[in-house]
Number of protein chains: 2
Amino acid sequence: MTIVYFAMLCGVIAVLYGFVTAQQVIRAPAGNAKMQDIAAAIQEGAKAYLGRQYTAIGIVGAIVAVILLPTLGIYSTIGFLIGAVLSGVAGYVGMNISVRANVRTAEAARTSLQGGLTLAFRSGAITGMLVAGLGLLSIAGIFWYLVAVAGDAPNGRRVIDTLTALAFGASLISIFARLGGGIFTKAADVGADLVGKVEAGIPEDDPRNPAVIADNVGDNVGDCAGMAADLFETYVVTLGLTMVSIALLVRAPTEQLLALMALPLLVGGVCILTSIIGTYMVRLGSSQSIMGALYKGFWTTILLSVPAIYGATAYVLGDLRAVIGGAGFLDPGTDGLTTEATLGSEAIGGMAFTGMDLFWCMMIGLAVTGLLVWITEYYTGTNHRPVRSIAKASETGHGTNVIQGLAISLESTALPTLVIVVAVVAAYQFAGIIGVAFAATSLLAVAGMVVALDAYGPVTDNAGGIAEMAGLPDDVRQRTDALDAVGNTTKAVTKGYAIGSAALAALVLFGAYTTDLREFFPELTVDFSLSNPYVIVGLLLGALLPYLFGAFGMTAVGRAAGAVVKDVREQFASNPGIMLGTSRPDYARTVDIVTKAAIREMIVPSLLPVLSPVAVYFIVTAVAGQEQGFAALGAMLLGVIVSGLFVAISMTSGGGAWDNAKKYIEDGNHGGKGSEAHKAAVTGDTVGDPYKDTAGPAVNPMIKITNIVALLLLAALAG
Amino acid sequence: MTIVYFAMLCGVIAVLYGFVTAQQVIRAPAGNAKMQDIAAAIQEGAKAYLGRQYTAIGIVGAIVAVILLPTLGIYSTIGFLIGAVLSGVAGYVGMNISVRANVRTAEAARTSLQGGLTLAFRSGAITGMLVAGLGLLSIAGIFWYLVAVAGDAPNGRRVIDTLTALAFGASLISIFARLGGGIFTKAADVGADLVGKVEAGIPEDDPRNPAVIADNVGDNVGDCAGMAADLFETYVVTLGLTMVSIALLVRAPTEQLLALMALPLLVGGVCILTSIIGTYMVRLGSSQSIMGALYKGFWTTILLSVPAIYGATAYVLGDLRAVIGGAGFLDPGTDGLTTEATLGSEAIGGMAFTGMDLFWCMMIGLAVTGLLVWITEYYTGTNHRPVRSIAKASETGHGTNVIQGLAISLESTALPTLVIVVAVVAAYQFAGIIGVAFAATSLLAVAGMVVALDAYGPVTDNAGGIAEMAGLPDDVRQRTDALDAVGNTTKAVTKGYAIGSAALAALVLFGAYTTDLREFFPELTVDFSLSNPYVIVGLLLGALLPYLFGAFGMTAVGRAAGAVVKDVREQFASNPGIMLGTSRPDYARTVDIVTKAAIREMIVPSLLPVLSPVAVYFIVTAVAGQEQGFAALGAMLLGVIVSGLFVAISMTSGGGAWDNAKKYIEDGNHGGKGSEAHKAAVTGDTVGDPYKDTAGPAVNPMIKITNIVALLLLAALAG
């Protein structure tokens, strides 16, 4: 339990870091009255939106809790509520810092680039540490309570069920937050651009545009709050389900099992410490490269995590060469479930692994993190072929810009897929499915740093908007623009990272599903072979989900943006003083319209992954019996990742590339701002907006929800 | 053998129909000298392109034949060559009729809409009947020769191998033809639009545009020759592999086996007859609805096919209630391969089926055909929500047009997937995997009619171009435009139909793969369970292929279109008389440039599905042993369809919807031609071009190639 206490301590340190750093941020000068006025409007809008969003989600959550209580019991319900509340808290607090840091970043950028960078990054780091800290605290706390206080066995059913329910709570909130926030931010962004830039011919972030505050609010509720909820979910699901799969799959003495289950917690803990150290390394060098400064922090964290993880593993497991598990690892089972194959008993010779094997698996996780960051930067950075090819294609018009962007978005799936495939094979060779779980754990352990990089983005985006609206000098806007361009890449990085972890987690989740199935329904012979047509049916229906979900997301943005356009046109028509600059537009009215639209639009698509697994199970069971129902449901879980991985990566990388192709042209290439190429690039950017910020990122929580609902359905059917 | 003779007779009738109808088309008046002059330029360009394309393909084909001869023997090599040559012949002859029918359709449209419709549709019907007739003749001919002349058992290895090689030849040619033709047609189309409409401000099909002939050539080499080669491949693969899977899976007396294997041939034969009758029903009613006229022909064929298939099944199998196969159907096998599950021994009670079961499976196939046509028309027709929503979104600009188009393309995958899933389950309930194969067979049996509807499209497209270039009166152009708008929908229909059949065929192909594996490597225990990580690896790598292939296709069009733009700009600059209309542009030079670009660009992407299965097998085998190599390869075959189905449907339906949204606006909605909405719709149309005519349709042969290469690899490794 010392290990668990230490992990909880690290979680507390992360929260404390957030608290202390928040004080620093808030103490920074908040600019002149006009800037504070604008910032207040953004704060107000963001609070109003999140308040309403969480009310709506709260109602759904309460209904789900009422369903859970009789079906899965009090512990699962409490676990669900903790996950749901903390996911909301991570997003809410992150957003609250972000809407205070934006104006202070703009003020700091008046003096120096370093000042702006420090403030924006610190603000992002608060969100990052909160995500990791609260995530770790919730998992470790539940484990500690059930094992140390309530006296459960570490692999007891209640531990497994409560951790699964925790993950469900986090996932359910995060899909709403991701999708609702994503619809809000892009509806406001696209709407503001359409009436502002295109119809009225006023620049971006012009205070005369009634949608301009809504646009800035969107950055905070989508890119900050929604993202934080999403990454909290990813963290909890990955670490929690690593523990669950150890509990389900490893047969070892209680002592050893306890140690093995505590290892992910400790790894999470030490990586919080390395992430905190990393945040202090973010400094501009002589080259004044912002990306370079952020990379310094990132690579410091990654490199320090290598010895930290080694030390943690050695401390927890003692002798790193000692064999864990061994031949009696799993009762082979003659019930038709290929659990032997799950653990690859033959493939890796007796299925015993050592601490050293696990260490290498975690190194694979860190390597995947580094590679995914590098690949995403290649596909979305302005220095490389993909973005430049889109910029060049813009010369020949809107159509060729979009064609090239789509080609890049399709292409961008290849390298991440290969990295994930190699990682799965390598981790599996070391320690079977448990090895894959540990690779996913170390990948997520550095989430604090990765989220910090991402949450930095909306702050700089807002800072630029405030500088523009408050009429600050051009050099300030130049500094905030430089900060913001890097933000486009870091935002894409987190999305690729989250979906990459989902692909690794998919195997682990499927392992949990088959093991649960075997435990709950020992009398059934479920055939998960690809020769079973119900497996194909499940794969196809699972693969359909990201497409349908993407279609809903894109349509929702289109519809909500249309509402914005209508409102702004009405404001311009009824109050001509707005365009003349003599009277102030009714910002709150537009915020209110987007709020209502986003909340209305997020409900149905979010329920798709919750209800689909249940529907597939019951329909197939009715047609072909329970065994085929479970087969189709299991296959659906893999179908959703097999297609979701590609849909999500193509959308997020493609969208980032379109955005930066526009920025690249605005930097004076291919004719620069105002040229025909620029107009084409603006079209591409608009297309990429809902791709990268609404539909694409929400695929990640969607995949997880589908999987967890299946696990809960199993438990409910058995109970 | 009487049945086989009758099937061959039907094949001959189809070819004769083509010959006779071709005489009728050629005898029709070919218009004035100017029209003939233009048509001659198109003919010349199309011939020059196809000549070069087939030379390039011929070299690849010869290399493959040289590899096949020592590895798989003389019969497989001959089968490969027959498939390759006939696939080429179907495309070549179809194109030759098409480039003669175009000018005659324009001439006929001078007098009446009915005249133009009859000529264009007759020309399409020639291609359709050739595809079905040559396909049937080749399969029946090989079967007849080996069984009746060479004395092989109907399920002898040589029959299986030669039919598989026949399918491989057809597939290999068709992927090159589809992709090369697709790149040609869209590079010319996009390039011509970019310099013509956008830069020079001249209308579509203006004779001053040097790329205008290349654009019209493209319709013939892409939409006609490429499509015909593709559908020939689909026909041969589906019917041929239905026979192969009967040979591999059904254990019955030779007499019964022979009858069962001849049934797909007879069904193909009688459906050629119903298709021919259907072609005579295409007549405008009092409503003058062109789509209605085409539907009359289509539904006549479908409805007549119901009794025809019933009669054929009853004739071949005698008593429709007698049980075929039965309990001794398959030796259960204890070697780990779940072949029992393949046949669903438990699910359908002893795995016996009756003739009536097969009849119902074939009715399912016809129902799928009808439903896919109806769904495609819903998503791409101008009368329904999807196209209209894109047209409406065009009002707010290029960006919202593309966003809505992408949303529709994602959404359009849902209904076809559900139809396919239900069809798989239903056919499986009737007769297991053999039932699914028969559903695919009846789906493809009416290919003659479906291809006729499609091949009608490029003829009317060309007729419109010729009318414009020859300066025919406006009412002629109006008639050809009306014919062409319907062509956009019928072209989308065939693509959805082809990919739908691929999804049904996937299960059958996987069944053939597992059975072959078991026969060739009885000592191996290959685990195709989803719990095996190498299965996940195979699924992910398979799912990647359509994305990478799509990226290559889209990029190729972009690059080749860029070459067209450059050439046209040079021609305008060096010869100012072109724009004044005083001197004739060098059409042949542009055709030549597109030809070279298309052939260069088609090679690498086409080799992707040929080489990937081989690479995956050898790499995974090197890492984890042969059993896992076969597991990953098998999973790859399903991964490619699980993602390819969605990529292909979203691209082809989305592209068709974009195209018709533009047409809908041009009909005077949302501001009509020249409005801002129209400009946005032109962008959407441009984006949809490579989606629907290059990348999307080529996914179908790509999926088949991957599967067939895997089957051949198995045979080569065993031999």
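Reading guide: rules and limits
- Residues numbered from 1 in each chain as written.
- Chains lettered and ligands numbered in written order.
- Predicted model: local features only at pLDDT ≥ 70, side-chain atom pairs only at ≥ 80, totals over all residues.
- Heavy atoms only, no water.
- Helix = DSSP H or I, 4+ residues; strand = E, 2+ residues; numbered from the N terminus.
- Buried < 20%, exposed > 50% of the residue type's maximum accessible area, 1.4 Å probe, protein only.
- Polar contact = N/O pair within 3.5 Å; in protein donor to acceptor, adjacent residues only side chain to side chain.
- Contact = heavy atoms within 4.5 Å.
- UniProt positions renumbered as here; feature names shortened; annotations may be inferred.
- Buried area = accessible area lost by both parts, 1.4 Å probe.
- Axes fitted to C-alpha atoms, helices over the stretch in contact; angles between N-to-C directions.
- Parallel < 35°, antiparallel > 145°, perpendicular 65-115°, else oblique.
- Left-handed = near helix turned anticlockwise from the far one by under 90°.
- Nonpolar A, V, L, I, M, F, W, Y, C, P; charged D, E, K, R; others polar.
- Phe/Tyr/Trp six-rings, centres within 6.5 Å; stacked < 30°, edge-to-face > 60°.
- Least-squares fit on C-alpha atoms with pLDDT ≥ 70 in both.
- Disulfide = S-S within 2.5 Å.
- Expected span 1.5 Å × (residues − 1).

### Description of the side chain of A:Thr490
Residues and elements named next belong to chain A. Along the chain, the position of Thr 490 falls in helix 15 (residues 474-520). Assessed through its relative accessible area of 2%, Thr 490 is described here as buried. A polar contact of 3.0 Å, which involves the side chain of Thr 490, links it to the backbone oxygen of Leu 453. Once residues within four sequence positions are removed from consideration, Thr 490 is found in contact with Met 291, Leu 294, Leu 453, Asp 454 and Tyr 456.

### Comments concerning the UniProt feature "site: Determinant of potassium independence" (unreviewed entry) in chain A
Residues and elements named next belong to chain A. The sites that UniProt annotates as "site: Determinant of potassium independence" (unreviewed entry) are Lys 491. Within the secondary structure, Lys 491 sits in helix 15. Among all residues touching Lys 491, those that are not within four sequence positions of it are Asp 223, Asp 454, Pro 458 and Asp 461. A polar side-chain atom of Lys 491 sits 3.3 Å from a polar atom in the side chain of Asp 223.

### A look at the interface of chain A and chain B
Across the boundary between the two partners, chain A contributes 67 residues, which contact 66 residues of chain B. Of the roughly 6,100 Å² buried where chain A meets chain B, counting both sides, 80% is carbon and sulfur surface. Across the chain A-chain B interface, the total number found is 5 residue pairs in polar contact (both at pLDDT 80 or more). A total of 18 residues in the side of chain A that touches chain B trace back to one element, the largest contributor, which is helix 16 (residues 533-574) of chain A.

### A short note on the packing of helix 4 (residues 113-149) of chain A against helix 8 (residues 290-317) of chain A
Residues and elements named next belong to chain A. Relative to each other, helix 4 and helix 8 sit at 45°, their axes nearing to 12 Å. In terms of orientation, helix 4 lies oblique with respect to helix 8. Along this stretch, helix 4 crosses helix 8, giving a crossing that reads as right-handed. Contacts between helix 4 and helix 8 involve Leu 113, Leu 117 and Phe 121 from the first element and Ile 290, Ala 293 and Leu 294 from the second. For the contact of helix 4 with helix 8, the residue count by class is 6 nonpolar, no polar and no charged.

### Comments concerning the packing of aromatic side chains
Residue and element names in this part refer to chain A. Under the definition given, this model contains 36 aromatic pairs over all chains. With a centroid separation of 5.4 Å and 35° between ring planes, the pair formed by Phe 80 and Phe 168 is classed as tilted. Within this pair, whereas Phe 80 is found in helix 3 (residues 74-109), its partner Phe 168 is found in helix 5 (residues 157-200), the two being separated by 88 residues in sequence. The burial state of Phe 80 is the same as that of Phe 168; both residues are buried. Each member of the aromatic cluster is reached from another via a ring pair, and the members are Phe 521, Tyr 617, Phe 618 and Phe 630.

### Remarks on the relation of the copies chain A and chain B
By a simple turn and slide, chain A fits onto chain B: the slide is 0.0 Å along the axis, the RMSD is 0.0 Å, and the turn is 180°. Overall, the copies show the geometry of a two-fold rotation axis. When each C-alpha of chain A is compared by its distance to the rotation axis, A:Ser529 comes out closest, at 2.0 Å.

### So, the state of the cysteines
All names here are of chain B. Throughout the structure, instances matching the rule amount to 0 disulfides over all chains. Cysteine Cys 361 remains unbridged, with the sulfur of Cys 271 as its closest cysteine sulfur at 15 Å. Exposure remark for Cys 361: the relative accessible area of 0% places this residue in the buried category.

### Overview of helix 13 (residues 414-445) of chain A
For helix 13 of chain A, which comprises 32 residues, the first-to-last C-alpha distance of 25 Å sits more than 12% below the rise-based estimate of 46 Å (1.5 Å per residue). With 26 of its 32 residues buried, helix 13 of chain A lies for the most part within the structure.

### Observations regarding the environment of A:Lys663
Residue and element names in this part refer to chain A. By the element assignment, Lys 663 lies in helix 19 (residues 626-666). Since its relative accessible area comes to 15%, Lys 663 is described here as buried. Distance from Lys 663 to Val 387, taken between C-alpha atoms, is 9.7 Å for residues 276 residues apart in sequence. Residues within four places of Lys 663 in sequence aside, it is in contact with Asp 484, Ala 485 and Asn 488.

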